[in-house]
Amino acid sequence: MRAVLRHLPRGRTALAVALATGTVLSGAALLATSGALVTNASLRPESLLVLLPLITSVRAFGLSRAALRYVERLVSHDVTLRLVARLRTDLLLGLVPLSPAALTGVRGGELLARLHADDDALQDVLLRLLAPAAVAVLAGSAAVVLAAAVHPGLGAVPAALLLLLGVVVPAWADRAGAPAARAVAAAEEARGADVLDLVRGLADHVGGDGGATALAAADARLREQEAAERAAARVAAVATLLREGVPALGLVAAFVLVGGGVAAGETSPLLLAAAALGVLGSFEAVAGLGAAWPLAGGARAAGRRVEALAATPPAVVDPEGPGPRPAGHDVAPVDVGVTYPGASSPALAHLDLVVRAGEKVALVGPSGAGKSTVLALLLRARDPSAGRVLLGGADLRRLPLDEVRAASAWVPQEPQVPGASLAGNLRMGDPAADDGRLRAVLADVGLADRAADLGLDGWVGEAGSRLSAGERARLGLARALLRPAPLLLVDEPTAHLDRAAGAAVVSMLAREPRTVVMVTHDATLLDERWRVVVLRPPGTPPGIP
Amino acid sequence: MPGRRLLARARTGRGGADDAGTAAVTARPEVRRLRAACTAVAVLVAALVVLQWALVARVVEAVVGAGRSPAALAVPLAGALAAWWARAGLLALRDLLAARTSARVRREVGLDVVRTLVRLGPAADARAGELATTATAGVRLLDGLVARYVPGRTHATVVPLLLAAAVLVLDPPTALVLVPTGVLVVVFLWLVGLRAQGAAARQWEGLGRLGALLTDALRVLPTVVTYGRAPATVRWLADVAEGYRVATLRVLRAAFLSGFVLELGATLSTALVAMTVGVRLFEGGLGLECALLVLLLAPEFFAPLRALGADRHAALEGRPAAERIAALLALPGPPSGDVPVPAGVPEVRLEGVGVRRDGRDVLQGVDLVLPPGSRTALVGPSGAGKTTPVRLVLGYGEPGTGRVLVGGTPLPRLRRADWWAAVAHVPERPYLLPGTVADNVRLGRPDADDEQVSTALVRAGLTEVVAALPQGVRTRVGEDGATLSGGERLRLALARAFLQDTPLVVLDEPTSQLDPATEAVVLAAVADLARGRTLLTVTHRSAPTALHDRVVRLRPDGVLVDGAVAQAVP
C-alpha cells in the first residue's frame, strides 16, 4: 500500500477528500435545515423574515451538494489517472534492471499475468478504498460532533451506528462471505481453464467421445459455481437488510432523545425534525465502505507484490568502477558453467570457446545442450555461475552494461514483436534509420512483398498477430541487422522457414561482415563459411552424439 | 404515460428497445419471474415508505404541535420502525432473488455456450481465444444485467410513479413541483446525460486498454532492454498516459454533467418543496403533519432514479456481452447430413476445389485423390496455405468452389460427428489436456483399457520415456504438456492416434520443431501408424516425404502439381 500512498499527489487527494466530505455534509444539512424550516413555519412566527435564513440555507445546501459532488468526481478521477500513470511508470522502471532474465520463459509469463492483475487491483484504490475511508472518518466525526451539540446524549447514536454500518457489518460480510467468494473465484477460474482446454482440444474431444466428457465436466463446474454464488448471496442479503434497516434506529433514537428535551422544554422544537433527519443523512458517510472492505485485502496484497518486485535483486548489475577497455570484439567464454536457480544439474559446464571478430560460428547440438544459454551469456542477460566471459579480453562483468549491450544485436527464437507499426518495430534496432534503409533491410530478409502489402506504417497486430511466425522471425532478424553492433546473436532463425528460405537467410548471415553466432538445429544448411561448434548436454560422455 | 416511456428510453440509452442479445436474456422465464417479484416488492416498498414517513410526521406533529412526550408515542414510533425494517427486509429479499436468478441464468447460459462449442466442433478453433473469453468473462458480465439492471429498472419505474400519485392525493401543489422536475430531469438525461455517461464509461475502460499497453511493453522488455531502448519506452508510456489523462478529463467534464443535473434536480426540488410548504404553513394553508410528509417523500421520489445511474453502468457492460453470447449461440455449425461414414478405409477425393482468402487464391482447381491405404505428402513453401486442404478434408471448412468426396459421398452429407471420429488429426503442436499421460492417450478412445493404452504408447516409441517418468503413465503432464519436449508431445499425440484407430490419419508439420535424431524416432512411429490406413502429411521438411508413396506440391498461386521437386527433396 505504501507504493500507492507514495504516488498520490497530496494536495489534490486532500482536495478530493474534502470535496467528498462536503458533499455528504451538504446532503445531511439539506435534510436537517428543511426539517427545521417546515417545523419553524408550522409554529407561525410573526414574520416571514424569521424564516429567511433557513430558506437561504436550504437553497444553498441544495445547490452546493450537487456542485461539490461534480467537482469532487472530476478531481478524484484526475488523481486516479495521475496515480495510475505514476504506478505504471514505476513498475516499468523497476522491471528494467530485472530484464531480460526474469521476464523470459514460463515464469516470465506468469509474472506478466500477475503484474497485469496487480495493476488492475491498484487502479481503483483511491476512488473505491482510500477516499471512502477518509470520507467516512471525516464526515462521520462531523456528524457525531454536531449531534452531540444538539443533545449531549445524541452524539453516541451516530457514533455507534456509523461504526456498526461502516466497520462491523462490512467486516462481518467480508469474513462470512469469504469462503463463498473464494469458492466462486476458484470455480470461475477452473471453468475458464476447462473452457480453454475444451476449445484448444475440440478436435480431440469431439473425435473421441463426441464431447460428452467435456460437457459433463462443464455442467459439474457450473453447478459448483452456482451453489457458491447462492451462499454468497445469502450473506449479501443480510448485509442489505442491515444497511437499509439500521438508519431507522438512529432516527428513532433521535426522536426519543431530542423529543424528550423538547417536551421538557429544554430543547428548541426546531431541532427535533432537524436532528432526526440530520442523523439519517449522516449515514451517507459510510455508504462507500461496504464495497471498499472486500477490495482492501486484494489491494494490499497487490501493493506488497509490487513493492517486493522493486526489491528483487537483478540477474546482472553494472560494475562499480570503470573496468578495462575491451581491445577489439573477440568474444570468449572461458571455462564457463551455468546452473539455473532451482535447477539440480547445470545447463552448461566447462565451455571454452573463442569467437574472433568477423567469424561465423554455428552452435549445434541436441535440445538441452545449452545453445541458447551461450547466447544469453554473450549478451550478458545472465552471468555464468563459474568461469568468465571475455569481450576483447575484458570480463563482461567489469564493463558498463550499456556498453556490453551496445556491442550485440540479439534475435531470440520467438522475436518479441510489440503491437506497433512495422517501422516502429524496425526502428527499435536503429531509431535514426530512414525509410529507404528499412525497405532495404526488409528486402534482405525476404519481407519486401509483405512490407509492400502492409506498408511501413502498417500495424503488425497485437503482439505481431497479423504476421505469421515465419514473418515475425524475419522481422526480428531485420531489426537486429539494423542495429549498429559488431556482434550478431541469432537463435534458430530457420525454425519457422521452409528449406529454401532458411538457406537464403543462413547464406545472408554468412555474408555479414560482422561476427555472427547462430544457434541452429539444422546443420545441413551450413557451408564452409561457418565454424560448427557442437554442444552436448552436460554429463553426456564425449564421443556419443 | 409519456414520462414512463421516456424513462424507459433513457434507460436503454439509445432511444430504442433492448437489442436482441439483451432481450434473449431478459425474456428467459426465470428473469420474467424475477421481474414480477421485483414489481411486487416495488409496490410494497412504495406503500411502506408512505406509511413509515406518515408515522414519523405524526410523531413530530405530536411533539412539536401538541407538546406530547415521546414516551407517550411508543406506538407510532414502533410502527415507523416496523415499516422501515419491513422495507429493508423486502429489499434484502429482492437482492437475494436477483442474485439467485443471475446465478441460475449464468449456469444455464454457460452450459449452452459449451454445448455450442461442441456443436461447432473444431471449425471453431480458429477463434479459440475469442470464444473462450465469451464463454467465461462474457457470461460473468450477464450478472450486471440480471442481478442489478432488471431490479433497478423495475424499481425506478414503479416507485416514483406510486409516490407521485401519493403526493398528488396528499398535497396537489407539491406534486406540481415534484412531477415536472422529475420529468424534466429524465428528459434532460435522455437528451444528453446518459449518452455522455456511456462515453465516460468507455473512456474509463480505456484505462484498462492502457494497462494492456503496459503489459505489451513488459512482454517485449527483454528486447527493449538489450537494444538499449528502455528509457525511450518509459518516456513514451508516460507521455501516452498523460495524453490519455487530459483527453479523459475533457470527456468526464461533460459526462459528469448528467450526474450533476440528476443531483441538482433531486436536491433543488427537495429544497423547493421545503420552501413552498414552509411558506404555505406560515400562511396557515397546510398542517405540519402533511407538510412534513410530502417533504420527506420528495427525496424518496428521486432515490430510485439516482440509483439507476449505477445500475445502468452494469447493464452497459452486460449488454455487449449478451450480444456476443447470442451471436455465438446462433453460429451455424458445419453442415451435417445423415449418411453414415462408409466402413473400412474410404477413398477421399478433392474435386476442382478453390478457396479464396483476403483477395488471394489459396487453392485453385485442386484435384487430389487419396486412394485407400495411400500415403501422400503435401509440400510447398511456407505461407502457401498447405493447411487449407487439410481443413477441407477434416470438414473444418467448406471450399468456395468444387467439393470434397468421401467414398463417393459429398462430405456435407455425412454425419459430421462420425466423420470427425473417423479421422485422427495430429496438428503441428498437438493439444495435451492437463491430466496424466494415460488420460491424454485415452482421449482418443475414452473406453480403452490400460493394456490398449500401453500398447499405443509402445507403438509410438514412448516406452522408455514413460518408464523414466516418476509415476509412469499416471504422471501428470502439466499445463499443456509443459513437462514434455516437443518430440515427446508429438509421440503422445501419435499414441492417441494409434488408440483412436481411424481409417484416415492427417499429420500437420509433424517434425518441424525436432532435431534430426528425434525426427527419425517420430517418423518410424508414423510409418508404423500409417500401415493399413490412408495418410496425408503436410510438411515443409524433406525427411518426412521419404516414407510417402506420393508427393504433391502446392504452388504459391494455389495450384497443386504432382511429383516431388528438387527444392523439397534434396
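Residues numbered from 1 in each chain as written. Chains lettered and ligands numbered in written order. Predicted model: local features only at pLDDT ≥ 70, side-chain atom pairs only at ≥ 80, totals over all residues.

- Named according to an unreviewed UniProt entry, chain B is ATP-binding cassette, subfamily C, CydD/ATP-binding cassette, subfamily C, CydCD originating from Cellulomonas marina.
- Taken verbatim from the UniProt record of chain B, the Subcellular location (unreviewed entry) comment is "Cell membrane". (UniProt positions renumbered as here; feature names shortened; annotations may be inferred.)

- Chain A is annotated in an unreviewed UniProt entry as ATP-binding cassette, subfamily C/ATP-binding cassette, subfamily C, CydC of Cellulomonas marina.
- If you open the UniProt record of chain A and go to Subcellular location (unreviewed entry), you find "Cell membrane".

1. Some remarks on the overall build of chain A
Piece 1. A tally of helices and strands in chain A yields 17 helices and nine strands.
Piece 2. The C-alpha atoms of chain A give 34 Å as radius of gyration, which overshoots the globular expectation for 545 residues (24 Å, by more than 25%).
Piece 3. Seen along its three principal axes, the alpha-carbon backbone of chain A occupies a region of about 115 × 60 × 50 Å.
Piece 4. Classification of the 545 residues of chain A by burial places 48% in the buried group.
Piece 5. Nonlocal contacts in chain A, meaning residues at least 24 apart in sequence, comprise 80% of its contacts between residues at least 6 apart. (Helix = DSSP H or I, 4+ residues; strand = E, 2+ residues; numbered from the N terminus. Rg over C-alpha atoms; globule rule 2.2 N^0.38 Å. Buried ≥ 20, exposed ≤ 12 C-beta atoms within 10 Å, placed from the backbone. Contact = placed C-beta atoms within 7 Å.)

2. Thoughts on the packing of helix 3 (residues 29-65) of chain B against helix 4 (residues 74-120) of chain B
Residue and element names in this part refer to chain B.
Piece 1. Contact geometry of helix 3 with helix 4 gives a least axis separation of 9 Å together with a crossing angle of 165°. Relative to helix 4, the element helix 3 lies roughly antiparallel. The two elements helix 3 and helix 4 cross, and the hand of that crossing is left-handed.
Piece 2. Residues that form the contact of helix 3 with helix 4 fall into these classes: 25 nonpolar, three polar and five charged. (Axes fitted to C-alpha atoms, helices over the stretch in contact; angles between N-to-C directions. Parallel < 35°, antiparallel > 145°, perpendicular 65-115°, else oblique. Left-handed = near helix turned anticlockwise from the far one by under 90°. Nonpolar A, V, L, I, M, F, W, Y, C, P; charged D, E, K, R; others polar.)

3. Some points on the domain arrangement of chain A
Piece 1. When its domains are assigned, chain A resolves into domain 1 (2-179 + 237-311) and domain 2 (331-534).
Piece 2. A C-alpha centroid distance of 56 Å is found between domain 1 of chain A and domain 2 of chain A. (Domains from an automatic or database assignment.)

4. Quick look at the interface of chain B and chain A
Piece 1. With 112 residues of chain B in contact, the opposing surface of chain A contributes 117 residues.
Piece 2. Broken down by element, the side of chain B that touches chain A gets its largest block of residues, 26 residues, from helix 8 (residues 230-283) of chain B.
Piece 3. Partitioning the side of chain B that touches chain A into residue classes produces 67 nonpolar, 27 polar and 18 charged.

5. Quick notes on the packing of helix 2 (residues 10-42) of chain A against helix 3 (residues 52-95) of chain A
Pairs of packed helices are described in terms of their axes, by the angle between the two and the distance that separates them.
All names here are of chain A.
Piece 1. In contact at an axis separation of 7 Å, helix 2 and helix 3 are set at 160° when each is read in the N-to-C sense. Viewed along their axes, helix 2 and helix 3 adopt a mutual orientation that is roughly antiparallel. In terms of crossing hand, the pair formed by helix 2 and helix 3 is left-handed.
Piece 2. Per-class residue counts for the contact of helix 2 with helix 3 are 16 nonpolar, twelve polar and five charged.

6. A look at the nonpolar core
Piece 1. Residues Val38, Ala254, Ala275 and Leu489 of chain A together with Leu494 of chain B are the most contacted members of the largest nonpolar core, which totals 328 residues.
Piece 2. No other element matches the 21 residues that helix 8 (residues 212-263) of chain A contributes to this core.
Piece 3. Beyond its immediate stretch of four places on either side in the chain, Leu494 of chain B contacts Val426, Ala460, Ala525, Val526 and Leu529 of chain B.
Piece 4. Of all hydrophobic cores here, the second largest spans six residues; its members include Ala66 and Tyr70 of chain A together with Ala255 and Phe256 of chain B. (Core = buried A, V, L, I, M, F, W, Y, C linked by C-beta atoms within 7 Å.)

7. Quick notes on the environment of Ala232 of chain A
Residues and elements named next belong to chain A.
Piece 1. For Ala232, the location among the structural elements is in helix 8.
Piece 2. Since 22 C-beta atoms lie within 10 Å of it, Ala232 is described here as buried.
Piece 3. Here the alpha-carbon distance between Ala232 and Pro179, two residues 53 residues apart in the chain, equals 8.4 Å.
Piece 4. Excluding residues within four positions of it along the chain, Ala232 makes contact with Gly177, Ala180, Ala181 and Val184.

8. Digging into the pairing of strand 8 (residues 515-519) of chain A
All names here are of chain A.
Piece 1. Counting buried positions along strand 8 gives five out of five residues, so the element sits mostly inside the fold.
Piece 2. Residues Thr515, Val517 and Val519 of strand 8 are buried on one face, and the alternating residues Val516 and Met518, pointing to the opposite face, are buried as well.
Piece 3. Pairing between strand 3 (residues 360-364) and strand 8: four bridges, direction parallel. Pairing of Ala362 across the sheet is with Met518, part of strand 8.
Piece 4. For the crossover from strand 7 (residues 487-491) across helix 17 (residues 499-511) to strand 8, the handedness is right-handed. (Pairing = 2+ DSSP bridges. Right-handed = clockwise from strand over helix to strand, strands pointing away.)

9. Focus: the sheet that holds strand 3 of chain A
All names here are of chain A.
Piece 1. On the basis of which strands lie adjacent, the open sheet formed by five strands has the order 6-7-8-3-9 and parallel pairing. The open sheet has two free edges, formed respectively by strand 6 (408-411) and strand 9 (531-534), since each of these has just one partner strand. The mean angle between the axes of side-by-side strands here comes to 15°, regardless of whether they run parallel or antiparallel.
Piece 2. Pairing analysis gives four bridges linking strand 3 to strand 9, with the strands arranged parallel. Opposite Leu363, over in strand 9, you have Val533 as the bridge partner.
Piece 3. Relative to strand 6, helix 16 (residues 469-482) is tilted by about 180°, and along the sheet it contacts strand 6 and strand 7.

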